[in-house]
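# What the coordinates show
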Amino acid sequence: MRFTRKQRLLNSQEYKYVFEDALKSSDSCLTVLARKNGLDLARLGLVISKKRIRNSVDRNRVKRLVRESFRNNQQCLAGLDIVVLAKYRANKVDNSVLLQSLAKHWLSLKL
RNA sequence: GGAGUUGGUUGAGCAGUCGCUAUAUUUAUGAUUUAUAAGAAUAUAGAGGAAAGUCCGGGCUUCAUAGGGCAAGGUGCCAGAUAAUCUCUGGGAAGCGUGAGCUUAUGGAUAGUGCCACAGAAAAUAUACCGCCUACGGGUAAGGGUGAAAAGGUGUGGUAAGAGCGCACCGCAUUAAUGGUAACAUUAAUGGCAGGGUAAACCCCACCUGAAGCAAGACCAAAUAGUUAAACAUUGAUGUUGUCCGCAUCGUUUAUGGGUAGGUCGCAUGAGGUGACUGGUGACAGUCAUCCCAGAUGAAUGACUGUUCUUGACAGAACCCGGCUUAUAGACUAACUCCACCU
RNA sequence: GCGCUCGUAGCUCAUCCGGAUAGAGCAUCAGCCUUCUAAGCUGAGGGUAGCAGGUUCGAGUCCUGCCGAGCGCG
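Overview of the structure. (Residues numbered from 1 in each chain as written. Chains lettered and ligands numbered in written order. Predicted model: local features only at pLDDT ≥ 70, side-chain atom pairs only at ≥ 80, totals over all residues. Heavy atoms only, no water.)

## Points about the sheet that holds strand 1 (residues 23-26)
Reading across the sheet, the four strands line up as 1-2-4-3 and stay open at both edges, with mixed pairing between neighbours. Each end of this open sheet is capped by a strand with a single partner; those strands are strand 1 and strand 3 (43-47). Between one strand axis and the next, the sheet turns by 20° as a mean value, whatever way the strands run. Pairing of strand 2 (residues 30-36) with strand 4 (residues 80-86), which is carried by seven bridges, proceeds in the antiparallel orientation. Directly across from Ala34, in strand 4, lies its bridge partner Ile82. (Pairing = 2+ DSSP bridges. Helix = DSSP H or I, 4+ residues; strand = E, 2+ residues; numbered from the N terminus. Axes fitted to C-alpha atoms, helices over the stretch in contact; angles between N-to-C directions.)

What follows is the structure in structure tokens.
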């Protein structure tokens, strides 16, 4: 499974498109938004603010985990534009917990 | 063996699978051809000692002048190092520590101005309060208490009482000699005490500072639309910080309205790293050999599994370097000091 | 990438160019008043002045370094 530039949201119009009318799934760590994009691919965007997670090391860790999980599950998400928002708790949680949480979100969005 | 001081090095390792970014090579597809675009495979490389804070300094780029005066700001013992510094090294002075060592915005209070609460007679001005002495004109600053600070200190002689009034030692100032590049130190002579503190209060003296910052700036491509009104117009406006002079340009500014903000370069060979030798007390410099070591742009280093140990801190490049400051689990190592014991 | 401002009681602010007990309003608590509450009156508590150093006899105030918050320009 590869994860290329095509599979990312690259500018603010694409983000706006998702925010306007989205399916929503959230828990204590993350909020996930999704909207159909009319393509074969799934596309991912990340919103991880400096206010919620102070250190850049932690921000990068969350980003990488989300990307990794997205990469492994992209087939079942095909045709969706997805935006992941991090919450305050996300930098206090272990990798495995975060991955489990993501897996749940993917499942709920797929339905 | 214990306690400590000052430096230096390092910042979990190994294997497997799947991914990300860059570079090189190869390959197939589309296209009239080239350029190019997007894709695949292989190989190689891929965050730090602080990448952080942005506190200093420099490179680089642009601004027609980097010219002058006045402002404004900074630095402040001496000498050196450096591209440069509010950095570093060595030395002097003062303070702290038994010591190794550590700390210091460390010029000037005899250029001038200001401030010094309360207490105290008095806060720098002496016809000085209590006092002491007296020939009742006055003399005096020993003693008293206040305070952060009160006109050299201690002793002794001396006196009406006292007093650098005299002397000895200590402190201080001036002059000279010697040592040192210098800061300064030592010695000698002279003076009889020069007249409190504060310059991180204004200031004086010496030295330094043109401004802006990679969103600098250069190039390519695309798109476009100006109109109306008002103000000023060489005694004006604008031009890279304040102001005046000087210099450059000729329209400028405000309101209203329309349009564009895509890409490439800048951008990774550098005051570079490593090792050896030489010079220097040292910061550092020189010579030779060798190496090429991130370059993203909604922004790359990760995930999972297994395994070992000491169970892993602080923390993520964004034009680049040199410092400083702050955060930091530990591990290793060198030199030195003090205490106790043994030989 | 530059430049600037602020941090004082639970909250909002004073404290002159350094001088000693850091003050005011609201809030809190206690008492009075009222049948009870509100309003009113009286009193009390609450502060290492963001943190750490330095200058000074003396620092909330001056200087330096950190921490936090906010603003402006491109």
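## Notes on the pattern of salt bridges
Between side chains of opposite charge, a pair can form when the charged atoms approach closely. Counting across every chain of the model gives two salt bridges. The salt bridge involving Asp81 is made with Arg43; its shortest N-O contact spans 3.0 Å. Placement of the pair is Asp81 in strand 4 and Arg43 in strand 3, with a sequence separation of 38 residues. A relative accessible area of 0% means that Asp81 is categorised as buried. (Salt bridge = Lys/Arg side-chain N within 4 Å of Asp/Glu carboxyl O. Buried < 20%, exposed > 50% of the residue type's maximum accessible area, 1.4 Å probe, protein only.)

## Focus: the protein's contact with RNA strand B
Taken together, 20 residues are adjacent to RNA strand B, and Arg8, Ser56, Asn60, Arg64 and Arg67 come closest. Near the protein, meaning within 4 Å, the atoms of RNA strand B are sugar or phosphate in a fraction of 74%, with bases accounting for the rest. One of the side-chain N or O atoms of Ser56 is found 3.0 Å from a sugar or linking oxygen in RNA strand B. The side chain of Arg71 places a nitrogen or oxygen atom 3.0 Å from a sugar or linking oxygen of RNA strand B. Where the surface near RNA strand B is concerned, the elements lending two or more residues are helix 1 (12-20), helix 2 (56-73) and helix 3 (95-110). Here the surface near RNA strand B takes eight residues from helix 2, the largest share from any one element. (Near = heavy atom within 4 Å. Polar contact = N/O pair within 3.5 Å; in protein donor to acceptor, adjacent residues only side chain to side chain.)

## Quick look at the packing of helix 2 against helix 3
Following both chains from N to C, one finds helix 2 and helix 3 inclined at 45°, their axes separated by 10 Å at the closest point. Taken together, helix 2 and helix 3 sit at an angle that is classed as oblique. Crossing hand, helix 2 versus helix 3: right-handed. Residues Arg61, Val62, Leu65, Val66, Ser69, Phe70 and Asn73 of helix 2 touch helix 3, and the partners they reach there are Asn95, Leu98, Leu99, Leu102 and Trp106. Across the contact of helix 2 with helix 3, the residue classes tally to eight nonpolar, three polar and one charged. (Parallel < 35°, antiparallel > 145°, perpendicular 65-115°, else oblique. Left-handed = near helix turned anticlockwise from the far one by under 90°. Contact = heavy atoms within 4.5 Å. Nonpolar A, V, L, I, M, F, W, Y, C, P; charged D, E, K, R; others polar.)

So, to be careful, I would describe these as geometric facts and stop short of saying anything about function.
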